[in-house]
Amino acid sequence: MKTANQVLLDKIKDYVFRKMETVDAGHDISHIKRVLSNAQLINEREKGNAFLIEAGVLLHDITDEKLFNKEQAEKELIIFLQENEVYEDTIQLLLSIINAVSFGSEFDKSVKLSLEQKVVRDADRLDAIGAIGIARAFHYGGGKNRELFNEDIPPQTYQSTKEYRKSTSPTINHFYEKLLLLKDRMETETGKKMAQQRHEYMLGFLQQFYTEINTKGFSLE
Ligand code: ADP
Ligand code: NI
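What counts and what doesn't
- Residues numbered from 1 in each chain as written.
- Chains lettered and ligands numbered in written order.
- Predicted model: local features only at pLDDT ≥ 70, side-chain atom pairs only at ≥ 80, totals over all residues.
- Heavy atoms only, no water.
- Helix = DSSP H or I, 4+ residues; strand = E, 2+ residues; numbered from the N terminus.
- Rg over C-alpha atoms; globule rule 2.2 N^0.38 Å.
- Buried < 20%, exposed > 50% of the residue type's maximum accessible area, 1.4 Å probe, protein only.
- Contact = heavy atoms within 4.5 Å.
- Areas by Shrake-Rupley, 256 points an atom, 1.4 Å probe, with all protein chains shown as cover.
- 1 Å grid on protein atoms, 1.4 Å probe; cavity = no way out; pocket = protein on both sides within 12 Å on 5 of 7 lines; lining within 4 Å.
- Points joined across faces, edges and corners; volume = space filled by probe spheres on them.
- Nonpolar A, V, L, I, M, F, W, Y, C, P; charged D, E, K, R; others polar.
- Core = buried A, V, L, I, M, F, W, Y, C linked by side-chain atoms within 4.5 Å.
- Expected span 1.5 Å × (residues − 1).
- Donors = N, O, S within 2.8 Å, 3.2 Å for Na, K, Ca; no water.
- Salt bridge = Lys/Arg side-chain N within 4 Å of Asp/Glu carboxyl O.
- Phe/Tyr/Trp six-rings, centres within 6.5 Å; stacked < 30°, edge-to-face > 60°.

### What about the overall build of the protein chain?
Then, in step 1: Along the protein chain, the regular secondary structure elements total ten helices and zero strands.
Then, in step 2: In the protein chain, the succession of helices and strands from N to C terminus is α-α-α-α-α-α-α-α-α-α.
Then, in step 3: For 221 residues, the compact-globule estimate of 2.2 N^0.38 gives 17 Å, and the C-alpha radius of gyration of the protein chain, at 18 Å, lies within 12% of that figure.
Then, in step 4: Its C-alpha atoms give the protein chain principal-axis dimensions of roughly 60 × 35 × 35 Å.
Then, in step 5: Expressed as a percentage of its 221 residues, the buried residues of the protein chain come to 47%.
Then, in step 6: Here the analysis covers contacts within the protein chain between residues at least 6 apart in sequence; of these, 67% occur between residues at least 24 apart.
Then, in step 7: Of the accessible surface of the protein chain, which amounts to about 12200 Å², a share of 50% is contributed by carbon and sulfur atoms.

### Overview of the layout of surface pockets
Gaps between atoms show up when a probe of the same size as a water molecule is rolled over them.
Then, in step 1: Considering only enclosed or pocket space, the largest pocket measures out at about 1100 Å³ in volume.
Then, in step 2: Taken together, 43 residues form the lining of the largest pocket, with His27, Lys66, Tyr164, Arg165 and Lys178 sitting closest to its centre.
Then, in step 3: Sorting the residues of the lining of the largest pocket by element identifies helix H5 (88-101), helix H6 (115-126), helix H7 (130-143), helix H8 (161-166) and helix H9 (171-177) as the ones contributing at least two each.
Then, in step 4: The element best represented in the lining of the largest pocket is H7, accounting for seven residues.
Then, in step 5: Looking at side-chain class alone, the lining of the largest pocket contains eleven nonpolar, 18 polar and 14 charged residues.

### Comments concerning the nonpolar core
Generally speaking, a soluble globular protein has its nonpolar side chains buried in company with each other.
Then, in step 1: Ranked by internal contacts, the top residues of the largest apolar core, which has 56 residues, are Ile12, Leu59, Leu77, Ile172 and Phe175.
Then, in step 2: Looking at which element gives the most residues to this core, the answer is helix H3 (residues 50-59), with seven residues.
Then, in step 3: Beyond its immediate chain neighbours, meaning those up to four positions away, Phe175 contacts Ile134, Ala137, Phe138, Leu180, Met202, Phe205 and Leu206.

### Quick word on H5
Then, in step 1: The terminal C-alpha atoms of H5, which comprises 14 residues, lie 21 Å apart, in line with the 20 Å expected from a rise of 1.5 Å per residue.
Then, in step 2: Where H5 is concerned, the buried positions are Thr90, Ile91, Leu94, Leu95, Ile97, Ile98, Ala100 and Val101.

### Looking at the coordination of the nickel ion (ligand 2)
Then, in step 1: Those protein atoms acting as donors to the nickel ion (ligand 2) are His31 (NE2), His60 (NE2) and Asp124 (OD), and they sit at 2.0 to 2.2 Å.
Then, in step 2: Sequence positions of the donors to the nickel ion (ligand 2) reduce to the motif H-x28-H-x63-D. Taken together, the residues His31 in helix H2 (residues 29-46) and Asp124 in helix H6 connect sequence positions 93 residues apart. Judged on exposure class, the residue His31 and its partner Asp124 are both buried.

### Description of the pattern of salt bridges
Then, in step 1: In total, this model carries eight salt bridges according to the counting rule given.
Then, in step 2: Note that Arg34 and Asp127 form a salt bridge whose closest N and O atoms lie 2.7 Å from each other. Of the two residues, Arg34 is situated in helix H2 and Asp127 in the loop between H6 and H7; the sequence distance between them amounts to 93 residues.
Then, in step 3: Judged by its relative accessible area of 1%, Asp127 is buried.

### Quick look at the packing of aromatic side chains
Then, in step 1: Evaluation of the coordinates by the stated rule reveals eleven aromatic pairs.
Then, in step 2: Here Phe138 and Phe205 contribute two aromatic rings whose centre-to-centre distance is 6.1 Å and whose plane-to-plane angle is 65 degrees, an arrangement assigned as edge-to-face. Here Phe138, found in helix H7, pairs with Phe205, found in helix H10 (residues 189-212); they are 67 residues apart in sequence, far enough to count as distant.
Then, in step 3: Ring geometry for Tyr176 versus Phe218: centroids 5.7 Å apart, planes at 90 degrees, classification edge-to-face. Remark: Phe218 occurs in the segment after H10 and Tyr176 occurs in helix H9; sequence separation between them is 42 residues. Of the two residues examined, Tyr176 and Phe218, each falls in the buried class.
Then, in step 4: Members of the aromatic cluster, each reached through a chain of ring pairs, are Phe138, Phe149, Phe175, Tyr176, Phe205, Phe209, Tyr210 and Phe218.

Rendered as structure tokens:
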């Protein structure tokens, strides 16, 4: 017998898979599956609310402004959850998890994260670094026909979400503008450990990249 929460999670899964069908491969269902497995690994130690974490992971990209009309997507999600008799408090908790995940939300430092927000956020960030992170970055850059690397365009630091989103820099810059910063922004012990290993892998990749094209490249210090 499935519990009521398991039945609800199955319905959420169907809802998400349907909505994400048309989305690019950097954000597809396999991303959600990887994030779910990261989150479950992290939560073995953290022991947060497993239902909120799984539902939060499944839904974390469903109101993303880069993929959907955020306002519309949020409205539809609330209606869907209400139709499935999810308590209003739980709906609010889920929305707060979803909204805490994006790298952009980082710029608002006043917010204190709940355990479930930390687990889902770390799990999502792990999927942006390491080998999978490298693959996703070049996939994203390729989709926008960006240069791989341009020695004359140095990496920047962004002060706001808006500035960060406007960036059109070559893909290697994205490593400095986001990917290499993530290991110091992890919230959970397991997340930190996994991020460290993936971080070192990216440094090795960048070193090899610069060696192959015979350039000093941007600093790896
Ligand atoms: P967030 O909004 O949480 O920062 P995104 O949804 O924008 O993350 O990122 C999706 C994936 O695309 C991530 O793996 C991210 O690193 C990658 N990505 C985002 N922006 C760029 C960029 N300018 N160049 C290369 N990859 C990018
Ligand atoms: Ni994500």
